Amino acid sequence: MQRLFSGFIGNKGATGLLVLRVVAGLALMFHGWPKIQNPFNWMGSDSWAPGFLQGLAALCEFGGGFLLILGLLTPLACFGIACVMATAILSVHLPKGDPFVALPGTGRGSYELALNYFAVAVALMLAGPGIFSLDAWLFRKKAAATQAPIAEPRPRVPV
């Protein structure tokens, strides 16, 4: 656990991470809500994905969004979200020939939103949830206790 929660960003960075987590988490929950209502068949009966994978994707999207809002188990939630978004891009959007950004009025889909969620998940995996999170509250003391003190550089003495 100490590798996942080795340090937490504070100050203005923590506020920015909080805003990012809450906005992305709410949006993911709204996108995941219809899927979680029928988790094992939200893609339809003729889908390429078996029911348990559809359920896992629905859980990662809705549950991962909820965990992001709380800042709880953030690396795990972000990993699940990143996997779902990468799968959506690689198995749905790119094979259909969807552009990165769809032009208005064309009626075409795009992979812009999935790629944005993927980028947010990767950024939060790398930066962590910040000090305004349940992860910081639960794991900060343990992480601080296991870190070795940083050695101060010795002053150079002229010879």
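Enquirer: I'm lost on the side chain of Lys35 in this one. Help?
Expert: Position of Lys35 relative to the elements: it lies in helix H1 (residues 11-37). Taking the relative accessible area as the measure of exposure, Lys35 reaches 19% and is therefore buried. Within the structure, Lys35 has its side chain in polar contact with the side chain of Glu61 (distance 3.0 Å). In contact with Lys35, other than residues within four places in its own chain, are Trp42, Ala58 and Glu61.

Enquirer: What is the right way to read the side chain of Arg21 from this model?
Expert: Structurally, Arg21 can be placed in helix H1. Here Arg21 occupies a buried position and makes no salt bridge, while the nearest side chain of opposite charge, Asp135, is found at 7.1 Å. Engagement of the side chain of Arg21 in a polar contact is seen with the backbone oxygen of Ile69, the distance being 3.4 Å.

Enquirer: What's the story with the pattern of salt bridges in this structure? I'm lost.
Expert: Opposite charge on two side chains allows them to pair when their charged atoms are near. Across all of its chains, the model carries 2 salt bridges by this definition. Glu61 is paired through a salt bridge with Lys35; the nearest N and O atoms lie 3.0 Å apart. One end of the pair, Glu61, is in helix H2 (residues 51-70); the other, Lys35, is in helix H1, with 26 residues separating them in the sequence. Of the two residues, Glu61 and Lys35, neither departs from the other in class, the shared state being buried. Between Asp98 and Lys96 there is a salt bridge whose closest N-O contact spans 3.9 Å.

Enquirer: Would you take a moment to explain the environment of Phe62 for this structure?
Expert: Inspection of the secondary structure puts Phe62 in helix H2. Residues contacting Phe62, with those up to four places away along its chain left out, are Leu28, Met29, Gly32, Trp33 and Ile36.

Enquirer: Honestly, the packing of H2 against helix H3 (residues 74-96) in this entry has me stumped. Any pointers?
Expert: When two helices pack together, their arrangement is given by the angle between their axes and by how far apart the axes lie. As a packed pair, H2 and H3 sit with axes 9 Å apart at the nearest point and diverge in direction by 140 degrees. Between H2 and H3, the angle is such that the two are oblique. Every pair of crossing elements has a handedness; the one defined by H2 and H3 is left-handed. Residues Ala57, Cys60, Glu61, Gly64, Gly65, Leu67 and Leu68 of H2 form the contact with H3, whose own contacting residues are Thr74, Ala77, Cys78, Gly80, Ile81, Val84 and Met85. Tallied by class, residues from the contact of H2 with H3 come to 9 nonpolar, 4 polar and 1 charged.

Conventions we followed
Residues numbered from 1 in each chain as written. Predicted model: local features only at pLDDT ≥ 70, side-chain atom pairs only at ≥ 80, totals over all residues. Heavy atoms only, no water. Helix = DSSP H or I, 4+ residues; strand = E, 2+ residues; numbered from the N terminus. Buried < 20%, exposed > 50% of the residue type's maximum accessible area, 1.4 Å probe, protein only. Polar contact = N/O pair within 3.5 Å; in protein donor to acceptor, adjacent residues only side chain to side chain. Contact = heavy atoms within 4.5 Å. Lys, Arg positive; Asp, Glu negative; His and termini not counted. Salt bridge = Lys/Arg side-chain N within 4 Å of Asp/Glu carboxyl O. Axes fitted to C-alpha atoms, helices over the stretch in contact; angles between N-to-C directions. Parallel < 35°, antiparallel > 145°, perpendicular 65-115°, else oblique. Left-handed = near helix turned anticlockwise from the far one by under 90°. Nonpolar A, V, L, I, M, F, W, Y, C, P; charged D, E, K, R; others polar.

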